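Here's the letter readout for the chains.
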Amino acid sequence: MNPYILAILLFGLGLGTTITFASSHWLLAWMGLEMNTLAIIPLMAQHHHPRAVEATTKYFLTQAAAAATLLFASITNAWLTGQWEIQQITHPLPTTMITLALALKIGLAPLHAWLPEVLQGLDLTTGLILSTWQKLAPFALILQIQPSNSTTLIILGLASTLIGGWGGLNQTQLRKILAYSSIAHLGWMILVLQFSPSITLLTLLTYFIMTFSTFLVFKLNKSTNINTLVTSWAKAPALTALTPLILLSLGGLPPLTGFMPKWLIFQELTKQGLALTATLAALSALLSLYFYLRLSYAMALTISPNNLTGTTPWRLPSTQLTYPLATSTAMTICLLPLTPAISALLTP
């Protein structure tokens, strides 16, 4: 892609998210979300592969449906209450509609079916943007409206953690596994949103760091399925030793960074008297942990002299910068002891 066009598209992505962040009016927020969608579409379809074009079309249709619902709900709110302010949304009907529209935008279950299909058709770099940056603007709106209907949020959250765990169990494609991982993590964030927005933000940030590391590892190894992971030990032995730790951090095992948000969410849900919800979320985390362990097993425990299940690819020198990967990997593995400091920074 022409670097000037790429720069304009990335600027559009940044500007769309910033407009949504800064807006207090529903029409401006909607405009920011639309800019975001339109800026990423050329990035998704840039390889002109049939799968990429199919993924782009699916993404465009779902985002357009979500944006139309959001616009309809905000107009309904203005009609019912005379308010265009984002934080002045009081009527339950538009609130529920907006919550569901934003859930479709970020891919919360049961409105998640587009996410694995779309992510599977993209290259890893665009997939990383879709899994991280594209979640920011809708999340900012969900945090601002603070939906009053707590049952809706808890159902969405529990459904996402369960489907995110179940859906990834029988997958062999890494991008689909990461999509289901994304759905499960978003479920955790939505569960605790109404009780502690600061914990939701902390979970979002740690999810971004862990996902960034995972995508960069797969990009460095040029891996798109489990079989190509098996031969990665010959290309980058040190990275292959660290990757299981990154994956287990995504699964939320102590003493890794990923344990921190889960621990704080459990604590908060128990404080709110939702012990059953917390237990169900914990059990669904075990489902997710299974497929992270499966990837770790493929990378670390099938190396020589055992039989290889994948064909050895050409070992071409990688042109990828390793500094971002080194930084994010260190953060993915080592941030748990800083939990009190990070909590203190995020609590208002």
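The protein is annotated in an unreviewed UniProt entry as NADH-ubiquinone oxidoreductase chain 2 from Oreochromis aureus. What the UniProt record of the protein gives under Subcellular location (unreviewed entry) is the line "Mitochondrion inner membrane".

(A) Here's a closer look at the environment of alanine 282. Inspection of the secondary structure puts alanine 282 in helix H15 (residues 275-300). On the basis of relative accessible area, alanine 282 is assigned to the partly exposed category, the value being 26%. In sequence terms alanine 282 and threonine 161 are 121 residues apart; their C-alpha atoms lie 9.1 Å from each other. In this structure, alanine 282 is in contact with Trp188 and Phe266, ignoring residues within four places of it in sequence.

(B) Highlighting the pattern of salt bridges. Applying the stated criterion across every chain, the model contains 3 salt bridges. The partner of lysine 58 in a salt bridge is glutamate 117, and the shortest N-O contact between them spans 3.7 Å. Here the residue lysine 58 occupies a position in helix H3 (residues 50-81), and glutamate 117 occupies one in helix H5 (residues 114-120), the gap between them amounting to 59 residues. Residue class for glutamate 117 comes out partly exposed when judged on its relative accessible area of 36%.

(C) Focus on the side chain of lysine 262. Along the polypeptide, lysine 262 turns up in helix H14 (residues 259-271). Within the buried set, lysine 262 has no salt-bridge partner at all; the shortest N-O distance to an opposite charge, 17 Å, is to glutamate 268. Excluding anything up to four places from it in sequence, lysine 262 contacts His185, Trp188, Leu250, Gly251, Gly252 and Ala285.

(D) Structural context of the side chain of threonine 243. Mapping threonine 243 onto the fold places it in helix H13 (residues 237-251). Contacts of threonine 243, omitting those with residues within four sequence positions, involve Val217 and Met299.

(E) Structural context of empty space enclosed by the protein. With the rule as written, the count across this model stands at 3 cavities of 30 Å³ or more. As for the largest cavity, its lining consists of 13 residues, and the residues nearest its centre are Tyr59, Gln63, Lys105, Gln134 and Pro138. Among the elements of the structure, helix H2 (26-44), H3, helix H4 (92-106) and helix H7 (133-145) are those that each provide at least two residues to the lining of the largest cavity. Among the elements that take part in the lining of the largest cavity, H7 stands out by supplying 4 residues, more than any other.

(F) Looking closely at the layout of surface pockets. Considering only enclosed or pocket space, the largest pocket measures out at about 200 Å³ in volume. Lining the largest pocket are 11 residues; nearest its centre among them are Leu220, Asn221, Lys222, Lys235 and Leu316. Grouping the amino acids of the lining of the largest pocket by side-chain chemistry returns 5 nonpolar, 3 polar and 3 charged. Its volume calculated, the second largest pocket comes out at about 170 Å³.

(G) Here's a closer look at the domain arrangement of the protein. Domains assigned within the protein are domain 1 (1-123) and domain 2 (149-307 + 321-347). Computed from C-alpha coordinates alone, the two centres of domain 1 and domain 2 are separated by 24 Å. Across the contact, 17 residues belong to domain 1 and 18 residues belong to domain 2. Interface area, domain 1 with domain 2, both sides summed: about 1500 Å², of which 74% is carbon and sulfur. For the interface between domain 1 and domain 2, the tally reads 1 salt bridge. Our count for the contact surface shared by domain 1 and domain 2 stands at 4 residue pairs in polar contact (both at pLDDT 80 or more). Of all the secondary-structure elements, those providing two or more residues to the side of domain 1 that touches domain 2 are H4 and H5.

Quick notes on the rules
- Residues numbered from 1 in each chain as written.
- Predicted model: local features only at pLDDT ≥ 70, side-chain atom pairs only at ≥ 80, totals over all residues.
- Heavy atoms only, no water.
- UniProt positions renumbered as here; feature names shortened; annotations may be inferred.
- Helix = DSSP H or I, 4+ residues; strand = E, 2+ residues; numbered from the N terminus.
- Buried < 20%, exposed > 50% of the residue type's maximum accessible area, 1.4 Å probe, protein only.
- Contact = heavy atoms within 4.5 Å.
- Salt bridge = Lys/Arg side-chain N within 4 Å of Asp/Glu carboxyl O.
- Lys, Arg positive; Asp, Glu negative; His and termini not counted.
- 1 Å grid on protein atoms, 1.4 Å probe; cavity = no way out; pocket = protein on both sides within 12 Å on 5 of 7 lines; lining within 4 Å.
- Points joined across faces, edges and corners; volume = space filled by probe spheres on them.
- Nonpolar A, V, L, I, M, F, W, Y, C, P; charged D, E, K, R; others polar.
- Domains from an automatic or database assignment.
- Buried area = accessible area lost by both parts, 1.4 Å probe.
- Polar contact = N/O pair within 3.5 Å; in protein donor to acceptor, adjacent residues only side chain to side chain.

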